Amino acid sequence: LYAVPDGIRRGYFKVKVLELLLFLSALDVAHEKHGYTAAQVRLARAARDTLLASTEDDVTISALAQELGASSSQLAASFRGVYGMTPAAFLRAQKMHSAAQLLRTSDRTVLDIAGQFGYDNASKFSEAFRKRYGTTPSQYRTHANELAKRSREIRME
């Protein structure tokens, strides 16, 4: 990292972080002990799957618990233990991740993307996006496009 020219150091660092995340995502951790019972892990995974299937809906923990045949406190504790966050935080993070992907890969307006993920106006979406990524959706898109352009230029060399 220290031998990288200053002009591209930040982008290079981001690429390396993404490379590390890709590597970590490929690790098989199924055999690792979570510290929770198999039933708690199954409950958390079922909740995750239900949340991922309904990212455009607002799901309450009590409705989710009722659907899965568990108590709210049991579901909350299992989910937090397995995923390290509440179901609501997980759903918000998932929405922001999907929105970021759309910003990188589509020409849709920020308002259109915000509406897809349940935000009535772009400013509320921008505020939530900034909390998650530290930048506005427009700045994120601009930066992602610049990185993609640089990446194409490097491959052409």
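Structure report, in brief. Sequence positions are assigned chain by chain, starting from 1 and proceeding in written order. Side-chain atom pairs in this predicted model are given and counted only at pLDDT of 80 or more, local residue features only at pLDDT of at least 70, and totals for whole chains, interfaces and linings cover all residues. Just so you know, side-chain values use all the structure's heavy atoms and leave hydrogens and water out.

**Comments concerning the packing of aromatic side chains**
How we decide: Any pair of Phe, Tyr and Trp rings, taking the six-membered ring for Trp, is counted once the centres come within 6.5 Å. Such a pair is stacked with planes under 30 degrees apart, edge-to-face with planes over 60 apart, and tilted for the rest. Numbered from the N terminus, helices here are DSSP runs of H or I no shorter than four residues, and strands are runs of E no shorter than two. Each residue gets one of three labels from its accessible area relative to the maximum for its type: buried under 20%, exposed over 50%, partly exposed in between, using a 1.4 Å probe on protein chains only.
Tallied over the full model, the rule gives eight aromatic pairs. Geometrically, the ring pair formed by Phe79 and Tyr83 is tilted, given 4.9 Å between the ring centres and 40° between the ring planes. You can see Phe79 and its partner Tyr83 sitting in helix α4 (residues 72–83), four residues apart, about one turn around the helix. Exposure remark for Tyr83: the relative accessible area of 22% places this residue in the partly exposed category.

**Describing the environment of Leu43**
Note the threshold: Here, residues are in contact when the closest pair of their heavy atoms is within 4.5 Å.
In this structure, Leu43 sits in helix α2 (residues 38–53). Relative accessible area serves as the criterion here: at 11%, Leu43 is assigned to the buried category. For the pair Leu43 and Glu146, spaced 103 residues apart in sequence, the C-alpha separation works out to 42 Å. Filtering out sequence-adjacent residues up to four positions away, Leu43 remains in contact with Leu68, Ala70, Gln74, Leu75 and Ser78.

**Digging into the side chain of Arg141**
Put simply, the rule reads: Positive charges come from Lys and Arg, negative ones from Asp and Glu, while His and the chain ends are left out of the count. A side-chain nitrogen of Lys or Arg and a carboxyl oxygen of Asp or Glu constitute a salt bridge if their distance falls within 4 Å. As used in this structure description, the phrase polar contact means that two N or O atoms lie within 3.5 Å; if the pair is within protein, one of them must be able to donate a hydrogen and the other to accept it, and residues adjacent in sequence are counted only when both atoms belong to side chains.
Note on placement: Arg141 falls in helix α8 (residues 137–156). Despite its burial, Arg141 remains without a salt bridge, the nearest opposite charge being carried by Asp107 at 5.9 Å. For Arg141, the side chain forms a polar contact with the main-chain oxygen of Arg108, separated by 2.8 Å. Other than its neighbours up to four places away in sequence, Arg141 contacts Leu102, Leu103, Ser106, Asp107, Arg108 and Ile113.

**A closer look at the layout of surface pockets**
Condition: Using a 1 Å grid laid over the protein atoms alone, points where a 1.4 Å probe fits but cannot get out form a cavity; open sets with protein on both sides within 12 Å along at least 5 of 7 lines form a pocket; any residue with an atom within 4 Å of a point counts as lining. Grid points are joined across faces, edges and corners, and a volume is the space filled by probe spheres set on the points. When residues are grouped by polarity, Ala, Val, Leu, Ile, Met, Phe, Trp, Tyr, Cys and Pro land in nonpolar, Asp, Glu, Lys and Arg in charged, and all others, Gly among them, in polar.
Of the volumes computed, that of the largest pocket is approximately 1,400 Å³. Lining the largest pocket we find 30 residues, and of these Lys14, Val17, Leu18, Leu21 and Tyr140 sit closest to its centre. Looking at the lining of the largest pocket element by element, the count peaks at 14 residues for helix α1 (residues 6–25). The class makeup of the residues in the lining of the largest pocket is 17 nonpolar, eight polar and five charged. Put simply, the second largest pocket is a space of about 230 Å³. Around the second largest pocket, the lining is made up of ten residues, and of these Asp58, Leu91, Arg92, Lys95 and Tyr119 lie nearest the centre.

**Digging into the pattern of salt bridges**
Charged atoms that come close allow side chains of opposite charge to pair. Inspection of every chain in the model, using the stated rule, returns five salt bridges. A salt bridge links Lys16 to Glu19; the shortest N-O distance between them is 3.5 Å. Of this pair, Lys16 and Glu19 both sit in helix α1, three residues apart, which is roughly one turn of that helix. The class of Lys16 is partly exposed, set by a relative accessible area of 35%.

**Things to note about the packing of α2 against helix α5 (residues 87–105)**
Where we set the bar: Geometry is summarised by axes, namely lines fitted to C-alpha atoms with helices restricted to the contacting stretch, and by angles between N-to-C directions that run from 0 to 180 degrees. Comment on the angle field: the value is read as roughly parallel under 35 degrees, roughly antiparallel over 145, roughly perpendicular from 65 to 115, and oblique elsewhere. Each helix crossing is assigned a hand: it is left-handed if the near helix lies turned anticlockwise from the far helix by less than a right angle, otherwise right-handed if that turn is clockwise.
The interhelical angle for the contact between α2 and α5, taken along N-to-C directions, is 40°, at an axis separation of 10 Å. Here α5 runs oblique to α2, going by the angle between their axes. Seen from above, α2 lies across α5 with right-handed handedness. Listed contacts from α5 to Arg48, Leu51 and Leu52 of α2 are Pro87, Phe90, Leu91 and Gln94. Each residue belonging to the contact of α2 with α5 can be placed in one class, and the counts come to five nonpolar, one polar and one charged.

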